[in-house]
Each structure stands twice: as C-alpha cells, then as structure tokens.
Amino acid sequence: MKKKKPVERARPPPVGERKALRKRIVLSNPNALEVEGMQDFTSETMVDARLRGSILGLPVPMLTQLRAVEAFKPKQGWSIFRRPGTVVRRETLELGRLIDSISNEGQDKGRSVKKIVTGVRGSGKTVHLLQAMAMAFTKQWVVFTVPELIAHTGYAPLSDETPNLYVQNEATATLLSRTVVANEQVLKTLHVSREHAALKSSVKAGMTLEELAKLGIQDPAIAWTVFQALWAELTATSAASGFDKNFKPRPPMLVTVDGLAHWMKNSEYRSVEFEPIHAHDLVFVRHFLGLLKPGTGKPALPNGGLLLYSTSASNNPTIYSFEVALKQIAARQAGLNASAPEFPQADPYSGADKRVIDAFDSSKPTVAKEGMLELQTLGGLTRDEARGFMEYFARSGLLREKINDEWVGEKWSLAGGGVIGELEKLGRRLRVTD
C-alpha cells in the first residue's frame, strides 16, 4: 500500500492578526511625489472660496485626534498619496462658514444646527464628516463620534425600574476613551461645575473633565453614569453654587454618527423572553437620537454646535420607515405642512415602524438659536472641482495624462456626474504612455 505523503500546512496567523490587517489604516505612501505648495486645513483656509477645487492637507498633529475618533476608513484611498488631504468643494466651504459663525462673536454664536447627510455611494459622506471633525478640532470644539453599536459588546437592563431599556457599558467606555484622546487639550482645561449624586464618592470639586471621563474608562460598570455626568458638564451654561471658582464657558460640540440606518431596526440583542431588542431601546441610541428633537425650554446643545448624522450607501439596510422619515424631513424643509395632501406618508399596509417615523418628527423649535432638522444630499463634484481633484493625482505621480477640459469632461461623465469615489478609481489607474 502506498503511503500518503504528509501535507505541510503553514502555521495559521495569530488570533486577531487578520482582522488587524483588514482594519489597518495607512495614511502615507513614501513612493508618491510630494505635492509642492499644498496648504493645510486651518481656520483661514477652510472658509477661503479661492481654494475651491484644491486639496488641503490635514495637519500632522491633528492626525492623532482623527485616528482616535476613527475618522479614517480602511477602504479609502489615503495610502496612495504622500500625505492625507481632502478636496475643498462647495459643501466644504458652506460647512466651514457654518462652524466659523458658531465659533465667532456674532448673531450665530451659540447656534445649534442639526443635519442628516445622504447621497449615493462614493459621494463623500464619510469624508464630509471627517472635514467637519478637522474644522471642529481647529476651532477647539469638543468632538463626539459614536462608535458602531455592533452586537458582540455586553449589554444589560439599565435598572430594575426600567427593565425595557438596555445599556452597553463596553461601548460607552469606548466612546469615553476616544473622546478623551481626541479632546484631551480641551477637557483638561475644564472643571466640574456641579454635584453628581450617582458619582458622589468619585467626583470631587476641582476635578477636570478629563479625569471625570477616565472614571468610566477605568470602570466600565459606571461608564454610562460617567457619560451622563460628562454630557451634563459640557452642556452646562453656568456653575452650581460652590463651584464658581474654576468654571469656564463650555465650547461648542460636534456630534457625528455614520451609518444611521442601522439604528432603525431590531438589534441582534435579545431580551429575557428572547424577543429581539429594538435599537431605540438601547440608551446609547436613544440619547443621540433624542438630540435631533427640539429641547423643552433649552436647545439640545445650549453652548452651540453641530449634529451631523450620515447614512451609508455601501453598508445600508433597506428600511422602508426610515426612507419615509427622510422624505418627510425634506418636505418640512421645503415648507410643506404635515397636514397637506402632498406630504409624504407611510403606506398603511406596509407595516411601517412608527417609532422610526416619530424619531424624526420634529416640530418647530421654541428656542431662537436652535435650528430645525435638515436633510443635506451630497452629489458629485462640479467640473472645476473635478479638474482640481484629478490634477492632484497627476502632481502626486499617479496619473500620466494631459489634463484639459475635454479629458476632465470625459472622466466627469464616466464618474456619474463627478461622484468623487468614481473619480478616485479613474485617477488611481496608472497609465504609462510611450
């Protein structure tokens, strides 16, 4: 009988190595050419209309902050250029002027703006959020980026009084950790301004907000209580009695959420009766969705700021109720009354989730500086913006083509009207001409 030859099998990679390789973020390519004259993202350049269509580089000290809030995604094309940079488009300038007006002295100081960003796949929604984070860091805002609420983190009922609400302590501790790393310079200058009964033994007068947030990182069991205390401190407009000594005005805040549609369905969690838990029953989701509704007596962000929530087109569940809610937001934004016959309504036989529709059914705010919920749809770049974007590929050594109006018009059409994700695919195809 013939003996089978032993098959040599390679040793499998260590646990977690494949995932780390898949999730790795590379922000620099030493083989790419250095683009001369490239300006940085600053408080002046982000509102300069003369730079429309050009590429602004992200400052090197800011990269640590952007990495902490996970602003970069693995499948974006950061690794093909010498340094990370983003294109200045019309929406970028509008966003820069908005953040600048909220920060500076004027009639818009302390204003709170709420937006949901939509668009086709590759239109730059996630990069638009990144640009907002970079502008907020430039203006010394406090930035919150909500992590993905995946179903392999621990969960538990919030309390015996509210068994139908569930808390994710590990996810909350992750949020506190990324918030401390990204906003360390701001949080260490702010101090506790009131007592917190649930943390009475841990919180002391004179404690900085950085030290307060680290309590929830060190002990995830109290992470949600610490987050509530931190949020109350950042939205405070004055100090309580006995805490006036170290009180400083709170800066505006930026809250970003990517992949909003995942919050509009049942989660993978199960209750004690093994019934699926709706995402709105997670206190984490309930808190940030509640910010979109007008506050009772005061705005959701009393010190001003921006709520920027985005949908995803590459990993997006189809939820009919959410689509109806977005149409209703657009109708209200256009001035259509909810009682009008043209106002979009859910099909009565579709079984639409009323909780999802009610979550975005925001009435007119009663506070002057609180804006209504808006819907912003990102489209493609204009031809001039597309030309500046493709010239950046040529100056980086990736594109060897003669860039003129005819060539740009052809690629603009092939990219579905200037969809930036499709333009990137066309620009990174290296062609060697004889």
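One structure accompanies this document, and this report is about it.

Calculation notes
Residues numbered from 1 in each chain as written. Predicted model: local features only at pLDDT ≥ 70, side-chain atom pairs only at ≥ 80, totals over all residues. Heavy atoms only, no water. Helix = DSSP H or I, 4+ residues; strand = E, 2+ residues; numbered from the N terminus. Rg over C-alpha atoms; globule rule 2.2 N^0.38 Å. Buried < 20%, exposed > 50% of the residue type's maximum accessible area, 1.4 Å probe, protein only. Contact = heavy atoms within 4.5 Å. Areas by Shrake-Rupley, 256 points an atom, 1.4 Å probe, with all protein chains shown as cover. Pairing = 2+ DSSP bridges. Axes fitted to C-alpha atoms, helices over the stretch in contact; angles between N-to-C directions. Left-handed = near helix turned anticlockwise from the far one by under 90°. Nonpolar A, V, L, I, M, F, W, Y, C, P; charged D, E, K, R; others polar. Salt bridge = Lys/Arg side-chain N within 4 Å of Asp/Glu carboxyl O. Parallel < 35°, antiparallel > 145°, perpendicular 65-115°, else oblique. Phe/Tyr/Trp six-rings, centres within 6.5 Å; stacked < 30°, edge-to-face > 60°. Lys NZ or Arg CZ within 6 Å of the ring centre and 35° of its normal.

**Looking at the overall build of the protein**
Stage number 1. Helix and strand counts for the protein stand at 14 helices and 11 strands.
Stage number 2. Here the C-alpha atoms of the protein give a radius of gyration of 24 Å, agreeing with the 22 Å that 2.2 N^0.38 yields for 434 residues.
Stage number 3. Projecting the C-alpha coordinates of the protein onto the three principal axes gives extents of approximately 85 × 75 × 55 Å.
Stage number 4. Relative to its 434 residues, the protein shows a buried fraction of 48%.
Stage number 5. Taking the contacts inside the protein whose residues are at least 6 apart along the sequence as the reference set, 75% of them involve residues at least 24 apart.
Stage number 6. Within the structure as shown, the protein displays about 22900 Å² of accessible surface, and the carbon and sulfur contribution to it stands at 50%.

**Considering the pairing of strand 8 (residues 266–270)**
Stage number 1. In terms of strand pairing, strand 8 meets strand 9 (residues 276–278) through two bridges, oriented antiparallel. Bridge pairing links N266 to H278 in strand 9.
Stage number 2. Linking two consecutive strands that pair antiparallel, namely strand 8 and strand 9, is a turn of five residues; a positive phi of about 65° is found at F274 within it.

**Digging into the packing of helix 12 (residues 383–395) against helix 14 (residues 420–427)**
Stage number 1. Two numbers describe how helix 12 lies on helix 14: the axes approach to 10 Å, and their chain directions differ by 35°. The two elements helix 12 and helix 14 cross, and the hand of that crossing is right-handed. Counting all contacts with helix 12, which are made through A386, F389, M390 and F393, the residues of helix 14 involved are I420, L423, E424, L426 and G427.
Stage number 2. Per-class residue counts for the contact of helix 12 with helix 14 are seven nonpolar, one polar and one charged.

**Digging into the pattern of salt bridges**
Stage number 1. Scanning all chains against the criterion turns up 22 salt bridges.
Stage number 2. One salt bridge connects E91 with R90, and the closest N-O pair in it is separated by 3.0 Å.
Stage number 3. Accessibility expressed as a relative area gives 40% for R90, which makes it partly exposed.
Stage number 4. One salt bridge in this structure joins R286 and D281, with 3.7 Å as the shortest N-O distance.

**So, the packing of helix 7 (residues 209–218) against helix 8 (residues 223–234)**
Stage number 1. Their axes nearest at 7 Å, the elements helix 7 and helix 8 cross at an angle of 160°. The orientation of helix 7 with respect to helix 8, classified from their angle, is roughly antiparallel. Crossing of helix 7 against helix 8: the hand is left-handed. Where helix 7 approaches helix 8, its residues L209, L212, A213, L215 and G216 are matched on the opposing element by A223, V226, A229, L230, E233 and L234.
Stage number 2. Its residues assigned to classes, the contact of helix 7 with helix 8 comprises nine nonpolar, one polar and one charged.

**Comments concerning the packing of aromatic side chains**
Given two aromatic rings, one states the distance between the centres and the angle between the planes to describe the pair.
Stage number 1. As enumerated under the stated definition, the model contains 14 aromatic pairs in all.
Stage number 2. Judged by centre distance (5.7 Å) and plane angle (45°), the rings of F322 and F360 are tilted. Taken as a pair, F322 in helix 10 (residues 320–333) and F360 in the loop between helix 11 (354–359) and strand 11 (370–378) lie far apart in primary sequence, 38 residues in all.
Stage number 3. Using a relative accessible area of 5% as the deciding quantity, one classes F322 as buried.
Stage number 4. Overall, F360 belongs to the buried group, its relative accessible area being 1%.
Stage number 5. A network of ring pairs unites the aromatic residues F144, W224, F227, W231, F284 and F288 as a single cluster.
Stage number 6. Seen from the ring of F274, R270 lies directly overhead, with NZ or CZ sitting 4.7 Å from the centre.
Stage number 7. Its guanidinium or amino end placed over the ring of W412, R383 lies 4.3 Å from that ring's centre, counting from NZ or CZ.

On their own, these measurements won't tell you what the molecule is for.
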